[in-house]
Amino acid sequence: MIIDLSSVGAEPKTIKRTFESGEIDLEGEDVELTAPVEVAGEINKLGKKSTLTGTISTAISRECARCLEPVAGGLMFEFETSFLDADEVSATTDVEVSPEELDISLVEDGKVSLAEIVREQILLALPIQTFCRQDCRGLCQKCGANLNLIDCNCPGEDIDPRWAALKNLK
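A short tour of the structure in this document, coming up. Just so you know, these numbers come straight off a predicted model, no measurement behind them.

This part is about helix α1 (residues 114-125). The end-to-end C-alpha distance of α1 is 16 Å, a good match for the 16 Å that twelve residues give at a rise of 1.5 Å each. Buried within α1 we find L114, A115, I117, V118, Q121 and I122. Down the axis of α1, the smallest arc covering the buried residues is 160°, so these residues share one side.

Structural data, given as structure tokens:
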């Protein structure tokens, strides 16, 4: 779905769309969409700036950061993003940007792709790491066994001989 910013008037324009998981390109990312993505919100225009606010909800699957097992979960969050048509910005080379303007995206031809906005917002909303459980033990550094499932018989601490003298310090 393409949003034409010139079609947004003084009254907010309501947006409600469902994307199938294949319509949002997350290839190359460490997350997989396992359910359709529901987007609901509105876009309004104030002066030259257009602002899209709304909510996104879907289900995802990621690997646990410690044991690499798949972790399924829901994702629901609110977002806000702003746009400014590149044609309406002065072409001066040196412009001081205020902190509030750092979140404004410049768009060509006054059109933005809702699918790209949703993709960006999903990636921004993901936690840095996902764990299957708080006390996940991860993988054995020697044999690669999942320590949540088995206790491997790998020898305990291998101490680098250069650091062995420090073992006796207390």
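It is worth spelling out the packing of aromatic side chains at this point. Counted according to the given criterion, the structure contains zero aromatic pairs. Residue placement shows R17 over the ring face of F19; its charged tip is 4.3 Å from the ring centre. The ring centre of F131 lies 4.1 Å from the NZ or CZ of R66, which sits over that ring.

Before going further, it helps to examine unusual backbone geometry. For L68, which is not glycine, the phi dihedral falls at a positive 70°. In this fold, L68 is placed in the loop between β5 (49-63) and β6 (70-85).

Here the focus is the side chain of S82. Mapping S82 onto the fold places it in strand β6. For S82, a relative accessible area of 7% corresponds to the buried category. A polar contact is formed between the side chain of S82 and the side chain of T51, at a distance of 3.3 Å.

Let's shift gears to the environment of E80. Along the chain, the position of E80 falls in strand β6. Sequence separation between E80 and L52 is 28 residues, and the spatial gap between their C-alpha atoms is 5.7 Å. Among all residues touching E80, those that are not within four sequence positions of it are T51, L52 and T53.

A cluster of acidic side chains, namely D25, E27, E116 and E120, defines a negative patch on the protein surface. With respect to the secondary-structure elements, E116 resides in helix α1. Note on E116: relative accessible area 48%, which makes it partly exposed.

In this section: the pattern of salt bridges. According to the stated counting rule, one finds five salt bridges in the structure shown. Two residues, E23 and R17, come together in a salt bridge whose shortest N-O distance is 3.0 Å. Residue classification places R17 among the partly exposed positions, given a relative accessible area of 23%. R137 is the salt-bridge partner of D151, the closest N and O atoms lying 3.2 Å from each other. Residue D151 is located in the segment after α1, and its partner R137 is located in the segment after α1; the two are separated by 14 residues in the primary sequence.

Thresholds, definitions, all that
Residues numbered from 1 in each chain as written. Predicted model: local features only at pLDDT ≥ 70, side-chain atom pairs only at ≥ 80, totals over all residues. Heavy atoms only, no water. Helix = DSSP H or I, 4+ residues; strand = E, 2+ residues; numbered from the N terminus. Expected span 1.5 Å × (residues − 1). Buried < 20%, exposed > 50% of the residue type's maximum accessible area, 1.4 Å probe, protein only. Arc of directions from axis to C-beta. Phe/Tyr/Trp six-rings, centres within 6.5 Å; stacked < 30°, edge-to-face > 60°. Lys NZ or Arg CZ within 6 Å of the ring centre and 35° of its normal. Polar contact = N/O pair within 3.5 Å; in protein donor to acceptor, adjacent residues only side chain to side chain. Contact = heavy atoms within 4.5 Å. Patch = residues over 30% accessible without salt bridge, like charges linked within 9 Å, V, L, I, M, F, W, Y side chains within 5 Å. Areas by Shrake-Rupley, 256 points an atom, 1.4 Å probe, with all protein chains shown as cover. Salt bridge = Lys/Arg side-chain N within 4 Å of Asp/Glu carboxyl O. Lys, Arg positive; Asp, Glu negative; His and termini not counted. Charge placed at Lys NZ, Arg CZ, Asp CG, Glu CD.

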